[in-house]
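Observations on the three-dimensional arrangement
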Protein chains: 2
Amino acid sequence: MKAPPLQAVLFDAYGTLFDVYSVGLLAEQLFSGRGEALATLWRDKQIEYTRLVSLGDRDGRLYRPFWDLTRDALRYACKRLALALPPEQEERLMNQYRHLSAYPENREVLQALRALRVPTGILSNGDPSMLEVAVRSAGLQELLDHVISVEPLRCFKPDPRVYMLGLRTLQQQRPDLTARQVLFVSSNGWDAVGATWFGFTTFWLNRAGHPAEELGVRPHHEGRKLQDVRALLEGARA
Amino acid sequence: MKAPPLQAVLFDAYGTLFDVYSVGLLAEQLFSGRGEALATLWRDKQIEYTRLVSLGDRDGRLYRPFWDLTRDALRYACKRLALALPPEQEERLMNQYRHLSAYPENREVLQALRALRVPTGILSNGDPSMLEVAVRSAGLQELLDHVISVEPLRCFKPDPRVYMLGLRTLQQQRPDLTARQVLFVSSNGWDAVGATWFGFTTFWLNRAGHPAEELGVRPHHEGRKLQDVRALLEGARA
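These lines cover the structure that appears in this document, whether it is placed above or below. All values reported here derive from a predicted model rather than from experimental measurement.

The rules we used
- Residues numbered from 1 in each chain as written.
- Chains lettered and ligands numbered in written order.
- Predicted model: local features only at pLDDT ≥ 70, side-chain atom pairs only at ≥ 80, totals over all residues.
- Heavy atoms only, no water.
- Helix = DSSP H or I, 4+ residues; strand = E, 2+ residues; numbered from the N terminus.
- Rg over C-alpha atoms; globule rule 2.2 N^0.38 Å.
- Buried < 20%, exposed > 50% of the residue type's maximum accessible area, 1.4 Å probe, protein only.
- Contact = heavy atoms within 4.5 Å.
- Lys, Arg positive; Asp, Glu negative; His and termini not counted.
- Charge placed at Lys NZ, Arg CZ, Asp CG, Glu CD.
- Expected span 1.5 Å × (residues − 1).
- Polar contact = N/O pair within 3.5 Å; in protein donor to acceptor, adjacent residues only side chain to side chain.
- Salt bridge = Lys/Arg side-chain N within 4 Å of Asp/Glu carboxyl O.
- Pairing = 2+ DSSP bridges.
- Axes fitted to C-alpha atoms, helices over the stretch in contact; angles between N-to-C directions.

Before going further, it helps to examine the overall build of chain A. A tally of helices and strands in chain A yields nine helices and eight strands. Relative to the globule expectation of 18 Å for 238 residues, the C-alpha radius of gyration of chain A, 18 Å, shows essentially globular dimensions. C-alpha extents for chain A along the principal axes are approximately 55 × 40 × 35 Å. Put simply, chain A has 238 residues, and 59% of those count as buried. Here the contacts in chain A between residues at least 6 apart in sequence split such that 65% fall between residues at least 24 apart. Where the 30 positive side-chain charges of chain A centre and where its 28 negative ones centre are 3 Å apart.

An α-helix turns once per 3.6 residues; consequently, residues spaced three or four apart project the same way. The terminal C-alpha atoms of helix H2 (residues 35–56) of chain A lie 31 Å apart, and with 22 residues this matches the ideal 32 Å at 1.5 Å per residue to within 8%. Burial within H2(A) is extensive, with 18 of its 22 residues counted as buried.

Residues and elements named next belong to chain B. Looking at where Thr 169 falls in the secondary structure, it is placed in helix H7 (residues 160–171). Taking the relative accessible area as the measure of exposure, Thr 169 reaches 12% and is therefore buried. Note: C-alpha distance between Thr 169 and Leu 25 (144 residues apart in sequence) is 36 Å. If we skip the residues at most four places from it in the chain, Thr 169 touches His 146 and Ile 148. Of the polar contacts made by the side chain of Thr 169, one reaches the backbone oxygen of Leu 165; its length is 2.7 Å.

So, on to the pattern of salt bridges. Applying the stated criterion across every chain, the model contains 42 salt bridges over all chains. As a salt-bridge pair, B:Asp59 and B:Arg61 come within 3.3 Å of each other at their nearest N and O atoms. Across this residue pair, the class does not change: B:Asp59 and B:Arg61 are exposed. A salt bridge links B:Glu234 to B:Arg230, with the shortest nitrogen-to-oxygen separation between them at 3.1 Å. Here the residue B:Glu234 and the residue B:Arg230 both occupy positions in helix H9 (residues 227–237), the gap between them amounting to four residues, near one helical turn. Salt bridges sharing partners connect three or more residues here, namely A:Lys45, A:Glu48, B:Arg51 and B:Glu213.

Residue and element names in this part refer to chain B. Spatially, six strands are ordered S5-S4-S1-S6-S7-S8 in an open sheet, and the strand pairing comes out parallel. The sheet is open, and its two borders are formed by strand S5 (146–149) and strand S8 (221–223), each paired with just one other strand. With strand direction ignored, the average angle separating the axes of adjacent strands in the sheet is 20°. In terms of strand pairing, strand S1 (residues 8–11) meets strand S4 (residues 120–124) through three bridges, oriented parallel. Note that in S4 the partner of Val 9 across the bridge is Thr 120. Sitting on the sheet, helix H8 (residues 189–198) touches strand S6 (182–186) and strand S7 (201–205), and the angle it makes with S7 is about 175°.

Purely geometric numbers; function is a separate question.
See below:
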């Protein structure tokens, strides 16, 4: 089966374009020897909370912005690890999360996609203000056509309404675009699976070299670095 | 605010009446030094997979029985920990999961509830055949009025439809029963929160002494052992 030509690319944000584990460095400064454990549990809880509020009420009444859930997850993680978290340290960690490191290859890959005239966007669980700061801090605002937050939907990935919002946003410029013509890129295996369930063509940016999720479906493409996405698009257009 | 009289009790199964970490003993025999890591990751992935398939399609098209997701989670966990899992070891671990240890205090507490004429049931993510074997292995079938699986709904907790199914089942005998009159007992903090969101009166059986989830709501009651549930019911009726 020949893959359909890819006409647009949507990227997950946290973990994909922005390095969520970079907070581990500050966490290690604040809690010597526990920084990695804190960063990992914080991230796990943050994702868990997005799922619980999405599952607990389909009409979004339990929704709270990603920023708030991120703070709650930090508080839980510190309690669980028996780390005291005075307000000023909480603020430092949250600020670090607001200004996550971007992966250095982002710029070159987004520039290459722009040269190919491929529309690009972020489709993220983050709320708009978080995403705006992250994109601006990384100097990527000129290289992305769309920065799409789940916020208007009041639910989180992998709810299919999120992926549909990404498709609909792209269709505003290209009404005939199909889900299969959109390449969705995520470093989170479960997000790549969710997007595959939805119908996107998917690329699992498996930075950590983890095994694939055993969920009955595999992302269409897999690579270890963002340049692999560029190669895929350039190959598809060659 | 006076709590409403509690008229019925629903129990979560895995982790609450049945000890899911008891598989860790066999895991340790099979994978020396890695048993606990495997049991923990297996359990985490199992729960994660229930949420992903529930979120990924609200109409249940991604649903697979808990047994199947449990097997998938085991396979993933072994791959992630770089443990070879030959078919006969997979079967031994899955069989262990089918025959989980029941907590020894279950019987006395369920007998006390029966003496109080309080209807009891299990409300579980497990599929009916798993639950039947677990209940029979533990000799609890005479002490439970209902064993309720999510299976007909094709979604998992904390989807509120699951808790509603529990309430509706109890209402078959007691049509006027309200959610607040049902005590829902779970050792899983997120499950106790989900049931609180739904409207049940909730008891978090915090066996592990973990901090409460930071999800904006707390279960109504908390204890460390199942006998605390008995004390609550006996106190409410005294």
